[in-house]
Amino acid sequence: MTLRDRNNIAPLRIGSVTAVKASGIEISVDSDKNEPSILYMGDVIENVTIGSHVVIHRGYRKLVALVEEEYLTEDRQWRDDEYHRDADRYRRTLRASVQGELISDTFERGRTIMPMIGNTGYIATKQQVGAIYGTVDPSPDGPTSGQTPPTLEIGSINNDPSVRFRLDIGKLFASHIGIFGNTGSGKSYTLTQLYTQLFNRLFPKPTRSISNGSEFLIFDLNGEYSSDKFGEILCSSDYKQIYSPKIPKKDTSNHTTTTNKTSRTANKQTTEHAGEQIPLPEEILFEPDFWFTVLEATEKTQRPFIERSLRQFSSSKITDSAASWLALENITNLLSQLLESANPRETDITLIFSYLHDIHKIVGKDFDQFDSAIQELKEKLRYNSTSGEFYFTGRTFGISNTLGKKYEHRIFYSDSNFSAVIEEFTQQAFSHRTAPYLDPINLIKSKFLTQFYTDVASGFSNVSHLRPLIARLNHRSKMLTRCFHFIDIEDMASPPVTIINLRYCSIEERKLIPLLVTRAKYKAQKENFHSNRYLSIVIDEAHNLLSYESSQESETWRNTRLEMFEEVLKEGRKFGVFVTLASQRPHDISATITSQLHHYFLHQLVNPKDIDAVRSAVSYLDAKSFAELSSLPRGTCIISGTSVQIPAVVKIDKLDDYRRPDNETLNLVKLWGLAPDSPEDSGSTEADSADSQDSESTAEES
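Residues numbered from 1 in each chain as written. Predicted model: local features only at pLDDT ≥ 70, side-chain atom pairs only at ≥ 80, totals over all residues. Heavy atoms only, no water.

**Things to note about helix 10 (residues 370-380)**
Burial in helix 10 covers these residues: Phe-370, Ala-373, Ile-374 and Leu-377. Along the axis of helix 10, the buried positions cluster into a sector of 95°, meaning they face one direction only. The elements touched by buried residues of helix 10 are helix 9 (349-363), strand 16 (381-384), strand 17 (389-393) and helix 11 (418-429). (Buried < 20%, exposed > 50% of the residue type's maximum accessible area, 1.4 Å probe, protein only. Helix = DSSP H or I, 4+ residues; strand = E, 2+ residues; numbered from the N terminus. Arc of directions from axis to C-beta. Contact = heavy atoms within 4.5 Å.)

**A look at the packing of helix 6 (residues 288-295) against helix 14 (residues 507-527)**
The description of two helices packed together rests on the angle between their axes and the distance between the axes. Packing of helix 6 against helix 14 leaves a shortest axis separation of 11 Å and a crossing angle of 170°. Between helix 6 and helix 14, the angle is such that the two are roughly antiparallel. Every residue of helix 14 that contacts helix 6 at Asp-289, Phe-290, Thr-293 and Val-294 is listed here: Leu-512, Leu-515, Leu-516 and Arg-519. When its residues are assigned to classes, the contact of helix 6 with helix 14 shows five nonpolar, one polar and two charged. (Axes fitted to C-alpha atoms, helices over the stretch in contact; angles between N-to-C directions. Parallel < 35°, antiparallel > 145°, perpendicular 65-115°, else oblique. Nonpolar A, V, L, I, M, F, W, Y, C, P; charged D, E, K, R; others polar.)

**Looking at the packing of aromatic side chains**
Two measures describe an aromatic ring pair: the distance that separates the ring centres and the angle between the ring planes. Enumeration according to the criterion identifies 17 aromatic pairs in this entry. Measuring from centroid to centroid gives 6.3 Å for Tyr-522 and Phe-575, while their planes differ by 80°, and the two rings are edge-to-face. On the criterion of sequence distance, the pair formed by Tyr-522 in helix 14 and Phe-575 in the loop between helix 15 (555-571) and strand 22 (577-583) is long-range, its members being 53 residues apart. A cation over a ring is seen here: Lys-378 above Phe-353, with NZ or CZ 5.7 Å from the ring centre. (Phe/Tyr/Trp six-rings, centres within 6.5 Å; stacked < 30°, edge-to-face > 60°. Lys NZ or Arg CZ within 6 Å of the ring centre and 35° of its normal.)

**Section: a nonpolar patch on the surface**
Among the surface-exposed residues, Leu-666, Leu-668, Val-669, Leu-671, Trp-672 and Leu-674 lie close enough to one another that they form a single nonpolar patch of about 630 Å² accessible area. Topologically, Leu-674 is positioned in the loop between helix 19 (668-671) and helix 20 (686-690). Leu-674 sits in the exposed class, given a relative accessible area of 60%. (Patch = residues over 30% accessible without salt bridge, like charges linked within 9 Å, V, L, I, M, F, W, Y side chains within 5 Å. Areas by Shrake-Rupley, 256 points an atom, 1.4 Å probe, with all protein chains shown as cover. Salt bridge = Lys/Arg side-chain N within 4 Å of Asp/Glu carboxyl O.)

Here it is, written out as C-alpha cells:
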C-alpha cells in the first residue's frame, strides 16, 4: 500500500488489534471513533457495530472480520491526578471473527491467515462491503478477466441501505431454494420479489417469445399469485397460464341465511370460482403407478388387480378407443356370469345391482326404460338358499318358465328361458348395441369396474378386498374429471409460467393435484432431458404438502407424496429440475427435503422447533445469524447458500401495488367503520402497506 493510499483511508481507521485468539480477535477502538457515522470523501459511512465488517491490514494483505460483540474496558493508563475527559476513561473494544480476505477488491471466503497484534483496522468502504456480499466468484485468471455474470438485486443490506445485495441468477435458480418465516414475516413477498425480478429479465418485452424449453410451475395453495385483482403478479399475463381446478356445486340448502340477497350471494360464491382444468398427458392413465397413487392401492391384492385391468391396453392413444367390454353383448354375458356364479354367496343381489348402476352411469343416463327395467328386475330376482342359486319369480319381462307348475313358475338357471330373461332385461335397460366411445377417465374406470365384477363372478377375487378400492375409484374419478383434462402430449404447449390455483380445492385435492402434476412433469423432463430444458417447481405453503406428520390422509398416500418430492430434490438437479419451497413451519417438512436445499431465505422464526429444524439443515449459517432469527423485522431475511459468500441480513425491496401477492391483512378499522375519514380504496392499514410484505391469506381453506 502506498503512502497516498494510507492517507486516503486514514479517516476510516477504527483502531488496532490488541488480541488474537483461535476463536477470534479483539480490536481496541480509537477514542475519536465513537460517533454513529463518519463523513468520508463525500459519503456518510455508518460506524462499526455488531454485524459490521472491519478490514484489517496485515502488510499488503486485507483481512475481513465480522464484528460479533463489543464492550467497554477501562484504560489502565488512566490517572485521576491528570486532567482527562471522563469519557476517555473507558475504551471501546470489538470482538470479531475473521471471515476471509480481499484480493484486488474481490472477496475470497475462508480464513487462511490471522492478523497480528498491532495491525490496524479500518471501516469497510461501500465498495468493499459490496465486494464482501457479492456473488461473483474470482476468476482463476485474475479478477479482471471474463465477464460478470448477470445478477438480481432484490434488496439492500439491512444495516447499510446504501449497499445493494446481488444474487447470481445462474447459481441461484440452478439450485433448490427454501424460504421460511412466520406468518406475516414476508416470505411470500420475498418469493414474489425473486421471481418477479427473474421474469423481468426473461420477459423484458411483451412481444418476446421464449422457446428455450424453460418452464416454471407454481402451486398456489391460497390464491395469492392467481388473483384477478391485478394481472401482473409475477409476470405479464402474456407469459403465464392460471389453472383453477373446478369444484363441485355445494348444496346451500343447509346454510342459514338471513335474506334472499345473502342466499344469492352464497350461491354465486360456490360457482364463480370454477376454472380451467389442468392438462395432463393421457398416457399416464396407462401407468399402474398413477392408479396406485390415486386409489391408495394395497400391495398384495389391489395393485395386482390394477395391473391386470390395464394389461389389455396395448397403446397409449386412447382418445379414439372404444370400450368393447361395454358392448351390449358383453354386458349381457357378464350379468349372466354374475347370476350363474359358482359362489352366489359372494355375488349377492346388492353387488349385481351395483354393477348395473355403475355401467348405466358410464354409458349414459338418458336411457328411458332403465329405471322401469331395473325396478322389475329387483321385484323378480330372488336367491334360493337351499339350492344356492338365483332365480326369477313368476313371469319376468314377459317370459315364463318352461317347466310349468312343477317349479311354481320360477325360472331357474337350468331353465332355457333364464338367459332369455337376462337378454330381454339388457335390451330394455341399455339402448346402445355397440361399444361406446368414452373420455379417457370413464374408459379406464369402466375397465376397472368390468374387471372387478368379472373377477368376482369367476371367484378369482375376494369382494371384501377390492370393494374399498372400487369405492375410492368412484369418488376420485369424479375428482380427476373435475380437475384434469387428459390430452395428447403433443397438444400440451403452454406459456413458460404455469400457476395452479388450489385455493378453492378440497384438502384431498390440494394434496393429490401437486403430486400428480409434479410426477407427470418430472417424468417428461427425465425422458426428454437435454441441456436446454429447465423446470422450476415452486410450492407455496409447502408444509401442507410435505409434512410427515399429516393426520388428514392415509400413511400410504403421505409416504408416496414424500418419496416423490424427495426424489425430485435429490435427483432433479441431474435433469434440470429445481424446487423452491416457502413455508411458515419448516419443522413440519421432511428433514430429507430441507437438507437438500442449497439456498435459504430465513425470515423471522420464533418457534424453537422451527429454528432447530433450520439449524440442523443449514450447515453454513453462523451462530450469530441463528440468534437473529427470532428478532428480524418484517420484510427482512437472512440469505445464505452455496452462491452467497457470507450470510447477509437483507431488507427486501418493495414491489409496486399491482405486483404484490394478494395476501394483505384485513383492515378491520375500515371494515368496521371505525375510521370514517380513511380512504375507501385502502386495502390494508398503512403499516401493512409499508412494512408487511407477507401477511398470510386469511381466507378459510375449503
